[in-house]
Structures are given as C-alpha cells and as structure tokens.
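A look at the structure
Here is what each chain is made of, one letter per residue.
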Amino acid sequence: MELAKKNIGALHRLDPLSKLVTLTCLAALAMHWDDPRRQAVLLLALIAAAKLGAGMSWRLLLRRIAWILGFGLPLFAVTALAVQLREGGAGGLLPFSAAALSDASAVTLRMVSLFLSSLAYIESTDPKDFVVMMTTRLKLPYRFVFGISMALTFLPLLAEEGRQAAAARKLRMGRHPRGIVERLEQRRGQLVTVFAGAIRRVEQTAGAMDAKGFGAYRERTFLREVPLEAVGVCTMILSLILTAGLWRV
C-alpha cells in the first residue's frame, strides 16, 4: 500500500499544536499576499516541506497537486474573465490583460498552497496525538476534537478504497473506458463504493463509541501524553515572528 511507503520526516517529530500554529501562519500569508510571485515562492516552500518534512513521495505529491489543479484551472479562467470584464467591459475579453492574469494566478496559487499545507499537516500528524494535544492544551471540547480526528483518519482510508475500487473495475472491464458515458459511469461507481465504505465505517465507529460510553462524562482523561517540547515552542515563536515580518514586506 502507498500509505505504508511514506518516509518519516522532520514534521512527524513535531507536536500537532506547533504544526497547527505554523499552518495558521502560512494560511494567513497566503490569504494576505496578492502578488503571484510571492505566492509561487510560498508554494515552492510548501512543496519542499511536504517532500522533506512530511516525507511524501514525489508520485503522491504530484498526484495531489494535479488533483487540486482540476479545480484550480477553472478558477483561474473564471477569475481572469471576471477581472477582464471589470476592467474593460464585455468588449475586451481577449487577450487577457496583465492585471487579469496576475490576479487569476495569485488566486489559483493561493488555493493550491492552502490545500498543500493542509495535506502536509494531515500526512505528518497522528490523529491520536491531535486529539490529546487539542483537548489538554487548548481545552477544546473532546467531542469536537474527536470529530476532526475521525476525518483525519478516514480520509486516507477512503482514498485508498477508491483506488482499489478503480483498479478492480479496470480488471473487470479488461480495457480502458471509452467515451464520456463509460467514464462517467466508472466515476459514479467509484463514488458509490467510497460512499458505501464511509457509511459502513461510520456505523462501526458509532457502535464502538457508544459501547465505550463516549460522551457520557463532561471531561475525558487520556492514557497517553503528548508533551509540548522546546522545539515545538521555538517553532511557534519563529513562525509568528516570520509571519509578522513577511506581512509588512
């Protein structure tokens, strides 16, 4: 399985809280910057962090970027068209102006950066550590934190189930799908398989949580502890300082 081939990077050794602060700082910079050149530099830095820090393979990384570009390219076209219409009216659609291309590029790169930073956090964070840290350090309600934790746990599993379903359908067909109708039918079957798997996992998890008395008490104790080490504190402080400095640039 592809999930078992991930390498352990530096981000795996950081606690979830310090990485969450860094993720928030990166998201703030991505939303603040309107220059596509700065957005491009930020995206390159995130790619390096995902590859070296989160231990993601190039194959997985490029596949995720290609997937988000499927939404980013239509966004680029719509944004460029909207800016062009705002500047020149209906009579000046093509060619796009430099301002329209710049704004569309910044919006698209921002979308990819936000997606990639969240993906690197998910890939490098243990959901159990996330629950403990958010509940004990930030004092968040454990019911809310467990909901986020289950999402972090289920998403990779559902993605793997989708890949297995696609491979099984390809073997049964014995050939690649032909035409739009067959491709849509294949996608529909994959979505049904993933949705059915999600419902099955939700039912199993709900039964297990109910049997263990989840939510019966206001407070919850944890057997394991996730310490906030000095490297995590330094990471948060450095992230805040760099964000404040880059904010003014």
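Residues numbered from 1 in each chain as written. Predicted model: local features only at pLDDT ≥ 70, side-chain atom pairs only at ≥ 80, totals over all residues. Heavy atoms only, no water.

In the annotation of an unreviewed UniProt entry, the protein chain is listed under the name Energy-coupling factor transporter transmembrane component T family protein and assigned to Paenibacillus timonensis. As its UniProt record puts it under Subcellular location (unreviewed entry), the protein chain is described as follows: "Membrane". (UniProt positions renumbered as here; feature names shortened; annotations may be inferred.)

Right, let's talk about the overall build of the protein chain for a bit. Secondary structure assignment for the protein chain yields eight helices and zero strands. In sequence order, the protein chain lays out its α and β elements as α-α-α-α-α-α-α-α. Each principal axis of the C-alpha distribution contributes one length, and for the protein chain these read about 65 × 55 × 35 Å. Looking at the protein chain residue by residue over its 249 residues, the buried ones come to 33%. (Helix = DSSP H or I, 4+ residues; strand = E, 2+ residues; numbered from the N terminus. Buried < 20%, exposed > 50% of the residue type's maximum accessible area, 1.4 Å probe, protein only.)

Next up on the list: the UniProt feature "transmembrane region" (unreviewed entry) in the protein chain. When the UniProt feature table is mapped onto this chain, "transmembrane region" (unreviewed entry) is found at residues 40-58, 64-83, 142-159 and 226-247. Across residues 40-58, the secondary structure splits into 79% helix and 0% strand, with the terminal C-alpha atoms separated by 18 Å. In residues 64-83, helix accounts for 100% and strand for 0%; the two terminal C-alpha atoms are 28 Å from one another.

This part covers the environment of Leu14. Among the structural elements, Leu14 can be located in the segment before helix H1 (16-32). On the basis of relative accessible area, Leu14 is assigned to the buried category, the value being 17%. Sequence separation of Leu14 and Val231 is 217 residues, and the distance between their C-alpha atoms is 7.6 Å. When sequence neighbours within four positions are dropped, the list of residues in contact with Leu14 reads Lys19, Val231, Gly232 and Thr235. (Contact = heavy atoms within 4.5 Å.)

All right, on to the confidence of the model for the protein chain then. For the protein chain, per-residue confidence averages 82 on the pLDDT scale, and 91% of positions sit at 70 or higher. Counted against residues more than four places away or in other chains, residues 1-5, with its pLDDT under 50, gives six contacts. (pLDDT = per-residue confidence, 0-100.)

Moving on, we get to the packing of H1 against helix H5 (residues 127-136). Look at H1 against H5: their axes get within 9 Å of each other, and the N-to-C directions meet at 85°. Between H1 and H5, the crossing angle belongs to the class labelled roughly perpendicular. Contacts between H1 and H5 involve Pro16, Leu17 and Leu20 on the former and, on the latter, Asp129, Phe130, Met133 and Met134. Along the lines of polarity and charge, the residues of the contact of H1 with H5 split into six nonpolar, no polar and one charged. (Axes fitted to C-alpha atoms, helices over the stretch in contact; angles between N-to-C directions. Parallel < 35°, antiparallel > 145°, perpendicular 65-115°, else oblique. Nonpolar A, V, L, I, M, F, W, Y, C, P; charged D, E, K, R; others polar.)

With that settled, the discussion passes to the environment of Met56. Assignment of secondary structure puts Met56 in the loop between helix H2 (36-53) and helix H3 (58-88). Classification of Met56 as buried rests on a relative accessible area of 1%. Non-local contacts of Met56, meaning those with residues more than four positions away in its chain, are made with Ala50, Lys51, Leu61, Leu119 and Glu123.

Our focus in this paragraph is the packing of aromatic side chains. Inspection of the entire model under this criterion finds three aromatic pairs. Look at Trp67 and Phe71: their rings are 5.1 Å apart centre to centre, the planes differ by 65°, and that puts the pair in the edge-to-face class. One end of the pair is Trp67 and the other is Phe71, both in helix H3 and four residues apart, which spans about a single turn. The exposed category is assigned to Trp67, whose relative accessible area is 51%. An angle of 80° between the planes, with centres 6.4 Å apart, marks the rings of Tyr121 and Phe130 as edge-to-face. Of the residues examined, Tyr121 reaches a relative accessible area of 7% and is grouped as buried. An aromatic cluster of at least three residues, connected via ring pairs, comprises Trp67, Phe71 and Phe115. (Phe/Tyr/Trp six-rings, centres within 6.5 Å; stacked < 30°, edge-to-face > 60°.)

Two side chains carrying opposite charge are able to pair once their charged atoms lie near each other. Enumeration over the complete set of coordinates arrives at three salt bridges. Residue Arg110 pairs with Asp34 through a salt bridge whose shortest N-O separation is 3.1 Å. With Arg110 in helix H4 (residues 98-124) and Asp34 in the loop between H1 and H2, this residue pair connects regions lying 76 residues apart in the sequence. On the accessibility criterion, Asp34 (55% relative accessible area) is exposed. A salt bridge links Asp35 to Arg37; its shortest N-O distance comes to 3.2 Å. (Salt bridge = Lys/Arg side-chain N within 4 Å of Asp/Glu carboxyl O.)

Here the focus is unusual backbone geometry. Of note, Lys139 is a non-glycine position whose phi angle comes to about 60°, a positive value. Along the chain, Lys139 turns up in the loop between H5 and helix H6 (142-173).

All right, on to the side chain of Arg64 then. With respect to the helices and strands, the residue Arg64 is situated in helix H3. The charged side chain of Arg64 is buried without a salt bridge, its nearest counter-charge being Glu123 at 5.3 Å. Beyond its immediate sequence surroundings of up to four residues, Arg64 is in contact with Phe115, Leu119 and Arg163. (Lys, Arg positive; Asp, Glu negative; His and termini not counted.)

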